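Each chain, written out:
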Amino acid sequence: MLLGLVEDAYSDYHGCLGSDPGSDYLDITTEPNYSESDHNVTTKKRNRSSSSRHRGEAVTELGPEEVRWFYKEDKRTWKPFVGHDSLNIELSYRKFCDLNLNKVNCQDPSKSEVVCDLASECKASGQRESEALSIQKVPAVTASEEAACRACERDLDSISISVEAVCVRGGLYEVDVKEKECYPVYWNQQDGIPVMRGQWFTDGTWLPLEEEDSDLIELEHLACFRGHQIEDSFETEAAIPAVEIIHSLKLSRSHVDWHSVDEVYLYSDATTSKIARTVTQKLGFSKASSSGTRLHRGYVEEAAPEDTPPAATHIVFVVHGIGQKMDQGRIIRNTSMMRDAARKMEEKHFCDRSLEHVEFLPVEWRSKLSLDGDTVDSITPDKVRGLRDMLNSSAMDIMYYTSPLYRDEITKGLTKELNRLYTLFCSRNPAFEENGKVSIVAHSLGCVITFDIMTGWDPVHFHYHEAPDAMETDLHRWGYEEPRLLEELHHTRMRLSSLEDQLQGLKSSTSSSFPALKFKVENFFCMGSPLAVFLALRGVRPGTMGTQDHILPRSICQQLFNIFHPTDPVAYRLEPLILKHYSNIAPVQIHWYNTSNPTPYDQIPPTLLNPLKESASVSDSESLPSPCTSPPQPRRHYGESITSLGKASIMGAASIGKGIGGILFSRFARSSGQVAGLEEEPSDSEEASMSQSTSAIMDSSTCKLHFLFLFFFPFSGLHQRIDFELREGLVESRYWSAVTSHTAYWCSPDVALFLLTFMYGHI
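Going by what an unreviewed UniProt entry lists, the protein chain is known as DDHD domain-containing protein and is assigned to Electrophorus electricus. Under the heading Sequence similarities (unreviewed entry), UniProt records this for the protein chain: "Belongs to the PA-PLA1 family."

Structure (structure tokens):
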């Protein structure tokens, strides 16, 4: 009860700022227009070792630039809002207090009259309610009265005047100053993020005191020292013992001592702390130096309106794959990890791009789909239910998407969510629609769904064009063998014609109702993607055109990237679907984020894969080399050791020249078993000798093979590389990595730097 009265009185004294220079901050009916010359807001930063206020100034209410708002996103530590956000929150908070100035926290006349009388007296005499409260005795509150007060507070909360939410953190969140909570704008989140108004801060860490204690200390400080000049503070602890305690305040679990206007210390009242203070003081140490924590009034850095991140010039929609039903908040957390990693890479590698900013937005499409309802759950046996539920919530998404009954619902759901986010972002950032760029980062099955949305691939449309021809060919072939089918063929064609009309009507209705994306995709980043398998099963085969247009036209997406970990069991390569011989060419390795002066990706020459297939009998222990002495693990093989084109190139090179190159190719062919003529099986000793000789020949031939391959086929490469591979760890078990690698992309700084490299340009 008393706390409610104090808080209400605190709101009242904020309303009595009309004659104070800071009263201009209360009028924020229009967007505040700050400038560096504005006397109310300065861009000056306080030094951490200096006082919280300037020497020689009189003690007054804290200005909006001295207050700092914080948020606790991880429920562990308070993080400060940037200066621009903190100013806007503080102004909105003061407006809310001003609009609700006449509200009281209790309807009990014996209690409410105290505050009401104080408010009227202060308005008549110019005295602050906080000063009046310091000398006014408030009647004691019983338990029943306190309970009635709380019920009354809830009623008054429902009728209080609200203010508009404040956009913060680059527009991703909004702050409700009444509830003191922060909510995301572009995605749903069950629990709000708590925010806090900081006025008093601990020395060194500059973390805020709990708001309840901070408000009480601020009220006490103004009541006792308003108008006093701020004296020179005691910079050393040795001077503190000579200073007497001029004022104290008892809090719930601690107390505060004032040694001067600007020398304030907080002490814990826990038993152990009291004993420690007693012992250290008897040893000659001061109370403050032994267990006290110095407090500062006002934040170390004054909030400035220009302290804000640049407007987003590039947004990245992050699309999840399977498993979102099992954990609906996963894509939000994954996007947050990717955003945090990208921020660190921006500060490290792109600090000169002050006018550009990349923002990541999660796209959660699974939870809004009904699909089969609970039909699958109802037919799931009870045995090993946990495992079955996990499979139903994850792998079942693949079956849903391959089902013609539910595929359209999934594609429409994702398309609708992408368009909703884009429209909402443009409405809140009008300049973005004209000059902004959009990229998509998709994971796992999300890559396939996004690809189908961008290209408009439809299995009904595919069947309509492909199936009738195949069926007609089969019937024609069987017609020669079985004459009786001729009559049935006639009836089948009549039926087929009817089905074609129905399919065409379905195609037209689907096309008219299916919403297209409202934006053009600049970059499409696939992570841990099975897209290549889906395309192969749809009949996509390698061609002769070395561009991504073979699978994704540039008119739809400017550039396609396929990022994968070497041991990710879900990921497949895309380049061999464009040019077949790229199954022998290694994917490009993604740079380590700490690499200095890395080679631009478009200047990295292609390298051949090691033709030696890795042994299937390698034990798990053998895949754990020493992190200090062992070289990186050999690269995994991604295709046949020698493709048809590879064989032709080798034999062609051998026939063209009879010199060293021809000899090497001939020996290499013999060592690989490509040349016949060994009619007798060798003995064990001969076989061991041949094995060692073969290994030596193949190892020495690899570099020369690579050189001659590129020499004879210099124009058979891709115009731009598509497959990019993360580096394997030196001490990483491949079997364990196969379990964890599919979800290792989100927090990888290498991936974050790779994304920014192609969105910002080269480092």
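Student: What exactly am I supposed to notice about the sheet that holds strand 8 (residues 247–250) here?
Tutor: Backbone-to-backbone hydrogen bonds join strands into a sheet, with any given pair of strands oriented parallel or antiparallel. As summarised here, the arrangement of the 5 strands in space is 7-11-10-9-8, forming an open sheet in which the pairing is antiparallel. Each end of this open sheet is capped by a strand with a single partner; those strands are strand 7 (200–202) and strand 8. Neighbouring strand axes in the sheet, compared pairwise and without regard to direction, differ in orientation by 30 degrees on average. Pairing geometry for strand 10 (residues 264–268) and strand 11 (residues 293–297), over 3 bridges, is antiparallel. When the bridges of strand 11 are listed, V264 appears paired with L295. Packing of helix 6 (residues 211–225) onto the sheet brings it into contact with strand 7, strand 8, strand 9 (254–258) and strand 11, and relative to strand 8 it is tilted by some 150 degrees.

Student: Where do I start with helix 15 (residues 445–455) in this structure?
Tutor: An α-helix turns once every 3.6 residues. As a result, residues three or four positions apart point the same way. For helix 15, a buried count of 10 out of 11 residues is recorded, marking the element as mostly surrounded by other parts of the structure. Buried within helix 15 we find L445, G446, C447, V448, I449, T450, F451, D452, I453 and M454. The inward-facing, buried residues of helix 15 contact strand 12 (314–319), helix 12 (396–402), helix 13 (407–428), strand 14 (437–443), strand 15 (521–527) and helix 18 (531–537). Phi for G456, located one or two positions after helix 15, is positive at around 75 degrees.

Student: Any chance you could explain the packing of aromatic side chains here in plain terms?
Tutor: Two numbers describe a pair of aromatic rings. These are the distance of the centres and the angle of the planes. Considering all chains together, one arrives at 27 aromatic pairs under this definition. Each ring, one from F425 and one from F432, has its centre 5.0 Å from the other, and the planes form 80 degrees; the classification is edge-to-face. Residue class for F432 comes out buried when judged on its relative accessible area of 4%. Ring plane angle 55 degrees and centroid distance 4.5 Å describe the contact between F561 and F758, whose orientation is recorded as tilted.

Student: Which parts of the structure should I look at to understand the environment of D750?
Tutor: Topologically, D750 is positioned in helix 23 (residues 749–760). Classification of D750 as buried rests on a relative accessible area of 13%. As for D750 and I590, which are separated by 160 residues in sequence, their C-alpha atoms are 6.9 Å apart. Look past the residues within four positions of D750 in its chain and what remains in contact with it is I590, H591, W592, Y593 and L726. Within the structure, D750 has its side chain in polar contact with the backbone nitrogen of Y593 (distance 2.9 Å).

Student: Sorry, what's going on with the confidence of the model for the protein chain here?
Tutor: Low-pLDDT portions of the prediction should not be read for the details of their coordinates. Summary statistics for the protein chain give a mean pLDDT of 73 and a share of 61% for residues scoring 70 or more. Long-range and interchain partners of residues 104–156, a stretch whose pLDDT sits below 50, account for 73 contacts in this model, where long-range means more than four residues apart. Counting interchain partners and residues more than four positions distant, the pLDDT-below-50 stretch residues 711–715 has 4 contacts.

Student: Please explain the pairing of strand 4 (residues 173–176) as it appears in this structure.
Tutor: The two faces of a sheet get side chains in turn, since along a regular strand they alternate between them. Of the two faces of strand 4, the one lined by Y173 and V175 is fully buried and the one lined by E174 and D176 carries no buried residue. Both strand 3 (residues 166–168) and strand 4 contribute to a ladder of 3 bridges, which runs antiparallel. Residue pairing in the sheet places V168 in a bridge with Y173 of strand 4. Remark: 4 residues form the turn of the hairpin made by strand 3 and strand 4, two consecutive strands paired antiparallel; R169 in that turn has positive phi of roughly 55 degrees. In this sheet, strand 5 (residues 181–184) lies alongside strand 4 in antiparallel orientation, the contact comprising 4 bridges. Within strand 5, the position partnered with E174 by the bridge is Y183. Hairpin connection of strand 4 to strand 5: 4 residues between the antiparallel strands, including K180 at a positive phi of 55 degrees.

Student: I keep staring at the state of the cysteines and nothing clicks. Help me out?
Tutor: Disulfides are covalent bonds that link the sulfur atoms of two cysteine residues. Inspection of every chain in the model, using the stated rule, returns 0 disulfides. Here C167 is not disulfide-linked; the sulfur of C182 is the nearest cysteine sulfur, at 10.0 Å. Residue class for C167 comes out partly exposed when judged on its relative accessible area of 37%. Note on C557: no disulfide assigned, nearest cysteine sulfur contributed by C526 at a separation of 8.7 Å. Judged by its relative accessible area of 0%, C557 falls in the buried class.

Student: Is there a simple way to think about a nonpolar patch on the surface in this case?
Tutor: Residues M326, V384, L387, M390 and L391 make up a contiguous nonpolar surface patch of about 440 Å² in total accessible area. Here M390 lies in helix 11 (residues 385–393). Owing to a relative accessible area of 38%, M390 belongs among the partly exposed residues under this scheme.

Student: Just checking my understanding: could you explain the sheet that holds strand 3 for this structure?
Tutor: The 6 strands are arranged 2-1-6-5-4-3 in an open sheet whose pairing can be described as antiparallel. Of all the strands in the sheet, just strand 2 (79–80) and strand 3 have a single pairing partner and so form its edges. As judged from the 4 bridges shared by strand 1 (residues 68–71) and strand 6 (residues 193–198), these two strands associate in the antiparallel manner. Looking at strand 6, one finds that W69 is bridged to R197.

Student: Looking at this structure, I do not really get the packing of helix 9 (residues 330–349) against helix 23. What am I missing?
Tutor: In a packed pair of helices, the relevant descriptors are the angle between the two axes and the axis-to-axis distance. Taken N-terminus to C-terminus, the directions of helix 9 and helix 23 make an angle of 65 degrees; their axes are 9 Å apart at the nearest point. In the packing of helix 9 onto helix 23, the handedness of the crossing is right-handed. Across from M338, A341, A342, M345, E346 and H349 in helix 9, the residues of helix 23 making contact are P749, A752, L753, L755, L756 and Y760.

Student: How do you make sense of the pattern of salt bridges when you look at a structure like this?
Tutor: Two side chains bearing opposite charge may form a pair once their charged atoms approach each other closely. This structure, assessed with the given rule, holds 26 salt bridges. The salt bridge involving R385 is made with D382; its shortest N-O contact spans 3.4 Å. Looking at R385, the relative accessible area reads 27%, which means it is partly exposed. Take D382: its relative accessible area is 64%, and that puts it in the exposed class. Its salt-bridge partner being R573, residue D723 comes within 2.9 Å of it at the nearest N-O pair. Of this pair, D723 sits in strand 18 (residues 723–725) while R573 sits in the loop between strand 16 (557–564) and strand 17 (588–589), placing them 150 residues apart in sequence.

The rules behind the values
- Residues numbered from 1 in each chain as written.
- Predicted model: local features only at pLDDT ≥ 70, side-chain atom pairs only at ≥ 80, totals over all residues.
- Heavy atoms only, no water.
- UniProt positions renumbered as here; feature names shortened; annotations may be inferred.
- Pairing = 2+ DSSP bridges.
- Helix = DSSP H or I, 4+ residues; strand = E, 2+ residues; numbered from the N terminus.
- Axes fitted to C-alpha atoms, helices over the stretch in contact; angles between N-to-C directions.
- Contact = heavy atoms within 4.5 Å.
- Buried < 20%, exposed > 50% of the residue type's maximum accessible area, 1.4 Å probe, protein only.
- Phe/Tyr/Trp six-rings, centres within 6.5 Å; stacked < 30°, edge-to-face > 60°.
- Polar contact = N/O pair within 3.5 Å; in protein donor to acceptor, adjacent residues only side chain to side chain.
- pLDDT = per-residue confidence, 0-100.
- Disulfide = S-S within 2.5 Å.
- Patch = residues over 30% accessible without salt bridge, like charges linked within 9 Å, V, L, I, M, F, W, Y side chains within 5 Å.
- Areas by Shrake-Rupley, 256 points an atom, 1.4 Å probe, with all protein chains shown as cover.
- Salt bridge = Lys/Arg side-chain N within 4 Å of Asp/Glu carboxyl O.
- Left-handed = near helix turned anticlockwise from the far one by under 90°.

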